[in-house]
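Residue-level listing of the chains:
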Amino acid sequence: MERILKCLLVCTVLFSIGLPVKAEEQLNLSTLITAQNIKFENCTKVFNTDNVSLLYLTIAAINANRFTIDEIQSKSGYILFTAVNKQFLATITNVNTNQGMLKITPVDNNYFFQPGIILNIFKFIELNLTKKPEIIKWN
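Rules behind the numbers
- Residues numbered from 1 in each chain as written.
- Predicted model: local features only at pLDDT ≥ 70, side-chain atom pairs only at ≥ 80, totals over all residues.
- Heavy atoms only, no water.
- Phe/Tyr/Trp six-rings, centres within 6.5 Å; stacked < 30°, edge-to-face > 60°.
- Helix = DSSP H or I, 4+ residues; strand = E, 2+ residues; numbered from the N terminus.
- Buried < 20%, exposed > 50% of the residue type's maximum accessible area, 1.4 Å probe, protein only.
- Expected span 1.5 Å × (residues − 1).
- Core = buried A, V, L, I, M, F, W, Y, C linked by side-chain atoms within 4.5 Å.
- Axes fitted to C-alpha atoms, helices over the stretch in contact; angles between N-to-C directions.
- Parallel < 35°, antiparallel > 145°, perpendicular 65-115°, else oblique.
- Left-handed = near helix turned anticlockwise from the far one by under 90°.
- Contact = heavy atoms within 4.5 Å.
- Nonpolar A, V, L, I, M, F, W, Y, C, P; charged D, E, K, R; others polar.

Colleague: Can you break down the packing of aromatic side chains residue by residue, with the values?
Modeller: For the structure on display, the rule yields 5 aromatic pairs. Measuring from ring centre to ring centre gives 6.0 Å for Phe67 and Phe81, while their planes differ by 15°; the resulting arrangement is stacked. Highlighted residues: Phe67 in the loop between helix 3 (51-64) and strand 3 (68-73) and Phe81 in strand 4 (residues 78-83), separated in sequence by 14 residues. By relative accessible area, which is 0% here, Phe81 ends up buried. Arranged with centres 5.6 Å apart and planes meeting at 20°, the rings of Phe81 and Phe88 form a pair that is stacked.

See below:
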């Protein structure tokens with residue numbers, strides 16, 4: 001099962017980047033799926049969108065990476081999800097009216113995990129920042 005998830009992470013990275021992988025770049029991709037100590041600074045990113053849109057984009061990113069959403073608290077702006085048998089907490093806060101901050105941290109405070117989990121979510125959000133959520137009215 002873990003091998004399948006690692007393969008899925010690599011495929012997700014390749015798909016989101018959209019470029020063919022050269023032999024010398026394969027080492028960089030392997031670092032995305034190899035568990036390692038992650039700095040706290042790498043778990044936080046500011047995006048040029050409001051916090052409500054960032055919440056929806058984060059939910060979409062977690063879903064697109066086929067991680068399991070365990071709990072969503074939209075009022076407080078957090079999402080609890082599981083990726084590669086490890087729980088993470090995604091917290092969305094306002095920086096100002098035009099910027100929101102996303103922080104993804106492991107629930108157990110053990111920062112030894114695959115960096116691709118966070119990087120794939122950040123990359124998905126960056127690629128979809130222009131796609132705002134819409135209200136669909138049913139007749």
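Colleague: Please give an account of helix 4 (residues 116-127) that cites residues and values.
Modeller: Given a rise of 1.5 Å per residue, 12 residues ought to cover 16 Å, and the 16 Å separating the end C-alpha atoms of helix 4 matches this to within 8%. Along helix 4, the residues classified as buried are Gly116, Ile117, Ile118, Asn120, Ile121, Phe122 and Ile125.

Colleague: Please provide a residue-by-residue account of the nonpolar core, values included.
Modeller: Phe81, Leu102, Ile104, Phe113, Ile117, Ile121 and Ile125 are the most contacted members of the largest nonpolar core, which totals 25 residues. For this core, the secondary structure elements donating two or more residues are helix 3, strand 4, strand 5 (86-96), strand 6 (99-106) and helix 4.

Colleague: I'd love a proper account of unusual backbone geometry, names of residues and values included.
Modeller: The phi dihedral of Arg66 is positive, around 60°, even though this residue is not glycine. Tracing the sequence through the fold places Arg66 in the loop between helix 3 and strand 3. Arg66 sits in the exposed class, given a relative accessible area of 65%. One non-glycine residue, Val84, lies in positive phi territory at about 50°. Note that Val84 resides in the loop between strand 4 and strand 5.

Colleague: Describe the packing of helix 3 against helix 4, and please don't skip the residues or the numbers.
Modeller: Between helix 3 and helix 4, whose axes approach to 9 Å, the crossing angle comes to 125°. Relative to helix 4, helix 3 is oriented oblique. Note on packing geometry: the crossing formed by helix 3 with helix 4 is right-handed. For the pair formed by helix 3 and helix 4, the contact residues are Leu54, Leu57, Thr58, Ala60, Ala61, Ile62 and Ala64 on the first element and Ile121, Phe124 and Ile125 on the second. Grouping the constituent residues of the contact of helix 3 with helix 4 by class yields 9 nonpolar, 1 polar and no charged.

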